[in-house]
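# Analysis of the macromolecular model
What follows is each chain in one-letter form.
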Amino acid sequence: QQQVKQSPQSLIVQKGGISIINCAYENTAFDYFPWYQQFPGKGPALLIAIRPDVSEKKEGRFTISFNKSAKQFSLHIMDSQPGDSATYFCAANWGGANNLFFGTGTRLTVIP
Amino acid sequence: ETGVTQSPTHLIKTRGQQVTLRCSSQSGHNTVSWYQQALGQGPQFIFQYYREEENGRGNFPPRFSGLQFPNYSSELNVNALELDDSALYLCASSFLQGNTEAFFGQGTRLTVV
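Please read all numbers here as calculations on a predicted model, not as lab measurements. (Residues numbered from 1 in each chain as written. Chains lettered and ligands numbered in written order. Predicted model: local features only at pLDDT ≥ 70, side-chain atom pairs only at ≥ 80, totals over all residues. Heavy atoms only, no water.)

## Some thoughts on the side chain of T106 of chain A
All names here are of chain A. Locating T106 in the fold gives a position in strand β11 (residues 106-111). Overall, T106 belongs to the buried group, its relative accessible area being 0%. There is a polar contact of 3.0 Å between the side chain of T106 and the side chain of Q6. Reaching out from T106, the side chain makes a polar contact with the backbone oxygen of P8 at a distance of 2.5 Å. (Helix = DSSP H or I, 4+ residues; strand = E, 2+ residues; numbered from the N terminus. Buried < 20%, exposed > 50% of the residue type's maximum accessible area, 1.4 Å probe, protein only. Polar contact = N/O pair within 3.5 Å; in protein donor to acceptor, adjacent residues only side chain to side chain.)

Put into structure tokens, the structure is as follows:
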């Protein structure tokens, strides 16, 4: 059973465009929602995270939007750059930074 | 780069063999979690160690076992290797208490032939 569902599986965006990746969850106990960026041959790197007491969090070109009632959250990458080409994973957990439940990943390609 | 280091980087083993993977946690972190990432998939939680004891386990058989040492470094042991064990094994360190960030190492790529 997939605790966190992620879409799309792959995404191609022109340089300068906006990349949007969506995730949905069922477990209302989740209270921590990080996004990870992974380059080939590397481990996931924490990009940005949000807790359910806020609806949006922005760090540079990266923004998380969170909809608690819909149990959905999304990552927006503004002004996408070729260097952003990577696989992005959403995740969720509760009660501490253990037992992260990951989505299936989105492979983002930014075309110059 | 995180302060989490894993060794070895790559490993090839034969079916039925045993393997030990190692992880050094980030300075100040007392919790280590292990994940298995199959090709094209998200990481799957194997187990977590806190204060040298297993503190939570995912849906993995007992032939996956681990250790945590007093300096918070950790080992993942897999016995009776199967072809499906081929994956990237990731170690993440964090503080157990509170929702703090989990920092991942670069992983160990295990290939079982």
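And the narrative resumes.
## Here we look at the sheet that holds strand β3 (residues 19-25) of chain A
Residue and element names in this part refer to chain A. Here 5 strands make up an open sheet; going across it, the order is β1-β3-β8-β7-β6 and the pairing antiparallel. Two strands in the sheet have a free side with no partner beyond their single neighbour: β1 (4-7) and β6 (56-59). Along the sheet, successive strands turn relative to each other by an average axial angle of 15°, direction set aside. Relative to strand β7 (residues 62-67), β6 runs antiparallel, the two being bridged by 4 bridges. Among the inter-strand pairings, E59 is bridged to a residue of β7, identified as F62. (Pairing = 2+ DSSP bridges. Axes fitted to C-alpha atoms, helices over the stretch in contact; angles between N-to-C directions.)

## So, a nonpolar patch on the surface
A cluster of nonpolar residues, I18, I20 and M78 of chain A, forms a patch on the protein surface that exposes about 240 Å² of accessible area. With respect to the helices and strands, the residue I18 of chain A is situated in the loop between β2 (10-14) and β3. (Patch = residues over 30% accessible without salt bridge, like charges linked within 9 Å, V, L, I, M, F, W, Y side chains within 5 Å. Areas by Shrake-Rupley, 256 points an atom, 1.4 Å probe, with all protein chains shown as cover. Salt bridge = Lys/Arg side-chain N within 4 Å of Asp/Glu carboxyl O.)

## Re the nonpolar core
Core analysis: the biggest nonpolar cluster contains 25 residues, and V4, F33, W35, F73, L75 and Y88 of chain A have the highest contact counts within it. Mapped by element, the contributors of at least two residues to this core are β2, β3, β4 (33-38), β5 (45-50), β7, β8 (72-77), β9 (86-92) and β11 of chain A. If sequence neighbours within four positions are ignored, L75 of chain A has contacts with S19, I20, I21, W35, L47, I48, F62, T63, I64 and Y88 of chain A. Judged by nonpolar contacts, the second largest core, of 19 residues, contains W34, F60, F64 and V78 of chain B. (Core = buried A, V, L, I, M, F, W, Y, C linked by side-chain atoms within 4.5 Å. Contact = heavy atoms within 4.5 Å.)

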